[in-house]
Amino acid sequence: MSQFGSEGEDIIGRWSEEKLELLTKYLKAYSDIMNKQKQKWLKAYYYIDAFAGSVQPKAKDEERYVDGSPLRALRTQPGFDGYWFIDVSQQRIERLERLREEFNYNSIRIRQGDCNEILRNEVIPQITRNSKQRAIVFLDPYGLQVEWETVKALANTRTFDIFVNFSLMGVTRLLRRDSPPERTVREQLNKVMGNTDWIDQIYQPPTYSQLNLFEEQQPSLSRDTLGTEWLASLYTEHLRELFPYVSRPVIMTNSTNAAIYALCLASHNQTAVKITNDIFKRYEKLGS
Ligand SMILES: C[S@@+](CC[C@H](N)C(=O)[O-])C[C@H]1O[C@@H](n2cnc3c(N)ncnc32)[C@H](O)[C@@H]1O
C-alpha cells in the first residue's frame, strides 16, 4: 500500500531505495554506452520517466528525503540530450515543473496524464529509428498500470529500451486461491500481461498421477504453489517475444520479506542486458 507524507510525497521503504540505486547504476551504464555511440552514428538519447513520482520521496520512519527517479536521471553523467517526465497527478506535475528551474529548462518536457496514452500518442512518434535517436523508458507504477499494448508499441520501434518494475503483488492479489478469476479480472490481467493462457494452467484440477499418494513427485504448477519467481520469469519470457534481449528479473521484497515487484531490463542492446545482469547479481550477493 502506498503511503504519503504531509506534502503528498511518497513514503518509501528500504526496497524502493534499493530500486532507485539499481536504476542509478543502470542509467550510468546506459549513458556511457550511448555517449560513445554519439561519436559514431547516434544523434541524441533521452530518458523517459513514465511514472515520475514525487521527485523527493521521504524515507519511511526517518526524517530524510531520497532523490526519486527524475533526480537520479538528471544527475546522471554524461547527461541525456533530453528528459520526459510523465505523471497523472497534478500535485506531482507542479513539483516536477520546479525541476526546470534547477536544471536546463529546454531539455525537460513534462506531461500530465496516463502514460500509456502519452507514450503511444506523443513520445513514440517523435523518437523514430530513422531519426537516429534512442531512449530508455522507466516504467515504475504502483500496480498494474503498464499496458501490454504500450510495451509492444515501445518494442516495435526498436528505439526504446524499458526498465520495468513489474508489480508481482498486483497480479497475485487478483488471483484467488479457491476459484479461477472472473472475466473482468482476466481482461485486466490480459491488458497487463498480453496473454492469459498461464491462468488456465494454474487453475487446472490435479491429474490422476498427482492424486496418487504413493507416487512421490514434484507438485505441478497450481494457484497454491504459484511462486512469485515463476510469475516474474513468466513476465520476462513474454518480454522476450518483443525484445531481443531481456535481463533476468530481480525480485524486490518488502520489510516482511514478501515479494512485491520484479525489476528487469528489456533492450535492443546485448551489452546493456549483460551489464544489468551484473548489476543485479552484485545486488543479490549483498543481500545474501
Ligand atoms: C511508484 S510512483 C513513482 C516513483 C518514481 N518513479 C520514483 O522512483 O521516484 C508511481 C507514480 O505513478 C503515478 N501514476 C499512477 N498511474 C499513472 C498513469 N497511468 N500514468 C502516469 N502516471 C501514473 C502516480 O501519481 C505516482 O506518482
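Everything numeric here is computed off the predicted structure, so don't read it as measured data. All residue numbers refer to position in the chain's written sequence, counted from 1. Since the coordinates come from a predicted model, pLDDT governs what is reported: local features require at least 70, and pairs of side-chain atoms require 80 or more to be given and counted, while whole-chain, interface and lining totals use all residues.

1. Observations concerning the domain arrangement of the protein chain
Here's step 1: Parsing the protein chain into structural domains produces domain 1 (11-170 + 228-287) and domain 2 (176-225).
Here's step 2: Once you take the C-alpha centre of each, domain 1 and domain 2 turn out to be 31 Å apart.
Here's step 3: Between domain 1 and domain 2, the contact holds 7 residues from the first and 7 residues from the second.
Here's step 4: Sort the elements by how many residues they give to the side of domain 1 that touches domain 2 and helix 10 (residues 228-240) lands first, with 3 residues. In this entry, domain limits derive from an automatic or database-based domain assignment. For the purpose of contact definition, each residue receives a C-beta atom placed from its backbone, and two residues are in contact when these atoms lie within 7 Å. In this description a helix means any DSSP run of H or I spanning at least four residues, a strand means any run of E spanning at least two, and both kinds are numbered starting from the N terminus.

2. With respect to the environment of D197
Here's step 1: Turning to its location among the elements, D197 is positioned in helix 8 (residues 197-202).
Here's step 2: Note on D197: 7 C-beta atoms within 10 Å, which makes it exposed.
Here's step 3: The spacing of D197 and R14 is 183 residues in sequence and 35 Å in space, taken between C-alpha atoms. Any residue with 12 or fewer other C-beta atoms within 10 Å of its own C-beta is exposed, any with 20 or more is buried, and the rest are partly exposed; the C-beta atoms used are placed from the backbone.

3. Side note on the pairing of strand 7 (residues 160-167)
Here's step 1: Most of strand 7 is tucked away, with 8 of its 8 residues classed as buried.
Here's step 2: Residues of strand 7 alternate between two faces, with F160, I162, V164 and F166 on one and D161, F163, N165 and S167 on the opposite face, all of them buried.
Here's step 3: By the criterion used throughout, a crossover qualifies as right-handed when its path from the first strand across the helix to the second strand runs clockwise, the strands pointing away from the viewer. Assessed by its sense of winding, the connection that carries the chain from strand 6 (residues 133-139) through helix 5 (residues 148-157) to strand 7 is right-handed.
Here's step 4: Any two strands between which DSSP finds at least two bridges are classified as paired. Judged from the 6 bridges that link them, strand 7 and strand 10 (residues 259-267) form a sheet pairing that is antiparallel.

4. Here's the deal with unusual backbone geometry
Here's step 1: For the bond running from Q77 to P78, omega is -5 degrees, close enough to zero to count as cis.
Here's step 2: The topology assignment puts P78 in the loop between helix 2 (69-74) and strand 4 (82-87).
Here's step 3: With phi around 70 degrees, V55 is a residue other than glycine that occupies positive phi space.
Here's step 4: Checked against the element boundaries, V55 lands in the loop between strand 2 (44-49) and strand 3 (58-59).
Here's step 5: Residue classification places V55 among the buried residues on the basis of 20 C-beta atoms within 10 Å.
Here's step 6: Even without glycine at this site, R158 takes up a positive phi of about 60 degrees.
Here's step 7: Tracing the backbone shows R158 in the loop between helix 5 and strand 7.
Here's step 8: Residue R158 is classed as partly exposed on the basis of its C-beta count, with 13 C-beta atoms lying within 10 Å.

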